[in-house]
Amino acid sequence: SSGTELFVFCSGLASALAFGSIFVRQGFGLGTARIAHRIWQVYWAQLGVVMAVIGLMIAAGLVWPDRGLDLDPLPQLLADPATAILGLVTLRWLPPYLDILPMYLVILAFIPVAMGLAAIHRLLPLAAAFALHAVVWLTGINLVGYPWTGAGWFFNPLAWQLVFFTGFAIGMGWL
């Protein structure tokens with residue numbers, strides 16, 4: 001495994017400690033509200049990071065114009081700004097190396113579903129995670145991460161949720 005697997009697993013474990021306990025102690029409504037608040041924070045962090053990286057790329061290109069810097073994704077932003085900006089705010093355009101936070105954001109949205117399933121049986125969230133992972137494996141389903149070609153997210157949250165919820169299940173004491 002790589003650092004990504006460890007990061008996603010540990011994020012699941014940490015999310016169980018941070019959010020799972022809210023669901024258990026204060027109920028489904030407050031737990032869901034706390035998840036929604038965190039999603040909102042991560043969403044704005046993603047937009048800020050992307051804008052900062054684009055700004056740094058533009059600045060680097062101006063300071064060192066003949067260094068042959070790889071300024072991708074700037075060509076798309078400059079050639080089709082409407083699609084690029086709409087893609088940024090809807091998370092349908094994830095510039096290279098800037099897609100780990102969106103993956104986390106989508107997986108966070110699954111936590112209330114997992115907690116609802118756990119109310120029925122503590123292993124049901126893992127069964128659902130395995131089932132979704134199998135569907136992704138068999139069909140290749142993914143979210144659009146590049147609107148010009150329809151390419152999917154590099155870190156497909158529909159697949160990575162299995163690693164996350166394995167850590168989450170351990171953190172919740174379900175395993």
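Structure first, text after, so check above.
What comes next concerns the included structure. Keep in mind that this is a model prediction, so the values were computed, not measured. (Residues numbered from 1 in each chain as written. Predicted model: local features only at pLDDT ≥ 70, side-chain atom pairs only at ≥ 80, totals over all residues. Heavy atoms only, no water.)

So, the overall build of the chain
Link 1 in the chain: When its secondary structure is counted, the chain shows eight helices and two strands.
Link 2 in the chain: The principal-axis extents of the C-alpha atoms in the chain amount to approximately 60 × 35 × 30 Å.
Link 3 in the chain: A buried classification covers 38% of the 175 residues belonging to the chain.
Link 4 in the chain: Carbon and sulfur atoms make up 71% of the accessible area of the chain, which amounts to about 9,500 Å² in all.
Link 5 in the chain: Distance between charge centres in the chain, computed from 6 positive and 6 negative side chains, equals 22 Å. (Helix = DSSP H or I, 4+ residues; strand = E, 2+ residues; numbered from the N terminus. Buried < 20%, exposed > 50% of the residue type's maximum accessible area, 1.4 Å probe, protein only. Areas by Shrake-Rupley, 256 points an atom, 1.4 Å probe, with all protein chains shown as cover. Lys, Arg positive; Asp, Glu negative; His and termini not counted. Charge placed at Lys NZ, Arg CZ, Asp CG, Glu CD.)

Topic: helix H8 (residues 157–172)
Link 1 in the chain: The largest bend along H8 measures about 30° and falls at Val-163.
Link 2 in the chain: Of all the 16 residues making up H8, twelve are buried; the element is thus mostly covered by neighbouring parts of the structure.
Link 3 in the chain: Looking at H8, one finds that the buried residues are Pro-157, Leu-158, Ala-159, Trp-160, Gln-161, Leu-162, Phe-164, Phe-165, Gly-167, Phe-168, Ala-169 and Met-172.
Link 4 in the chain: In the core, the buried residues of H8 are packed alongside helix H1 (3–26), helix H5 (100–109), helix H6 (111–120) and helix H7 (124–139).
Link 5 in the chain: For H8, the side-chain oxygen to backbone nitrogen distance between the N-cap and Leu-158 is 2.9 Å, and the N-cap itself is Asn-156.
Link 6 in the chain: A positive backbone phi angle near 80° is found at Gly-173, which sits one or two residues after H8. (Bend = angle between axes of the 7 residues up to and from the residue. Contact = heavy atoms within 4.5 Å. Polar contact = N/O pair within 3.5 Å; in protein donor to acceptor, adjacent residues only side chain to side chain.)

A few points about the side chain of Asn-156
Link 1 in the chain: Tracing the chain through its elements places Asn-156 in the loop between strand E2 (151–152) and H8.
Link 2 in the chain: Within polar-contact distance, the side chain of Asn-156 engages the backbone oxygen of Ile-141 at 2.8 Å.
Link 3 in the chain: When residues no more than four places from it in sequence are discounted, the contact partners of Asn-156 are Val-136, Ile-141 and Asn-142.

Quick notes on the packing of aromatic side chains
Link 1 in the chain: Scanning all chains against the criterion turns up 13 aromatic pairs.
Link 2 in the chain: Taken together, a centroid distance of 5.5 Å and an interplanar angle of 75° make the contact between Trp-40 and Trp-44 edge-to-face. Placement of both Trp-40 and Trp-44 in helix H2 (residues 28–63) is noted, with a separation of four residues, approximately one turn of the helix.
Link 3 in the chain: For Trp-40, a relative accessible area of 52% corresponds to the exposed category.
Link 4 in the chain: Residue classification places Trp-44 among the partly exposed positions, given a relative accessible area of 45%.
Link 5 in the chain: Ring centres of Phe-164 and Phe-168 lie 6.2 Å apart, and the angle between their planes is 20°; on these two criteria the pair is classed as stacked. (Phe/Tyr/Trp six-rings, centres within 6.5 Å; stacked < 30°, edge-to-face > 60°.)

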